[in-house]
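Structure assessment
The chain contents come next:
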Amino acid sequence: KMMLAHAASAHGISAIENICGREHVVNHAAIPAACFTHPEISMVGPTEEQAVEMAKNEGWTLGKSQGSFRANSKALAEGEGNGIAKVLFKKETGEVVAVHIIGLHAADLIQECANAVAAGTTVQELSMMVHTHPTLSEVMDEAFKGAVGMASH
């Protein structure tokens, strides 16, 4: 567990919910993290190495798909074509396990992914959602579509 302000806030809300008799547990696997470096780095869920170990121990197959900032018109227009988004998922179910992003506005892009982890949204479902053009969110769209064999780049 990482010590993050937004995680602490979620714990506070969860504590109040439980005090009020509304059972709530914070899903630590769905808490995003970001490093405000250049380029930005963000993640939700385990590292790839941890996901490989989880898959081995729990008996599922790890899938991996990547989207590139190099093929994104908004990133290129801002002179920031270096970067990737990596989606790790359970091949059997399509459940998103983790996402790692390095690139322009990675800290903003991770929220869609954290919500997907929290809600149990699959790569199949994400691949059919419309992402605004031209925006950086299309980097995520490319990774989601690649996970189900619909990659266009």
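Refer to the structure presented above.
Treat the numbers as computed from the prediction; the structure is a model and nothing was measured.

**As for the side chain of Ser-68**
Position of Ser-68 among the secondary structure elements: in strand 3 (residues 62-68). For Ser-68, a relative accessible area of 17% translates into the label buried. Residues in contact with Ser-68, not counting those within four places in the same chain, are Gly-83, Val-139 and Glu-142.

**What to know about the pairing of strand 4 (residues 84-90)**
Within strand 4, six of the seven residues are buried, which leaves the element mostly enclosed by the surrounding structure. Of the strand pairs in this sheet, strand 3 and strand 4 are connected by seven bridges, and their pairing is antiparallel. Paired with Ser-68 across the bridge in strand 4 is Ile-84. Taken together, the six bridges between strand 4 and strand 5 (residues 96-102) define a ladder with antiparallel strand orientation.

**So, the side chain of His-131**
Within the secondary structure layout, His-131 lies in the loop between helix 5 (123-127) and helix 6 (137-147). Looking at His-131, the relative accessible area reads 13%, which means it is buried. Side chain to side chain, His-131 and Asp-141 meet in a polar contact 3.2 Å long. Setting aside residues up to four positions removed in sequence, His-131 forms contacts with Glu-112, Leu-126, Ser-137, Glu-138, Asp-141 and Phe-144.

So, how was this worked out
- Residues numbered from 1 in each chain as written.
- Predicted model: local features only at pLDDT ≥ 70, side-chain atom pairs only at ≥ 80, totals over all residues.
- Heavy atoms only, no water.
- Helix = DSSP H or I, 4+ residues; strand = E, 2+ residues; numbered from the N terminus.
- Buried < 20%, exposed > 50% of the residue type's maximum accessible area, 1.4 Å probe, protein only.
- Contact = heavy atoms within 4.5 Å.
- Pairing = 2+ DSSP bridges.
- Polar contact = N/O pair within 3.5 Å; in protein donor to acceptor, adjacent residues only side chain to side chain.

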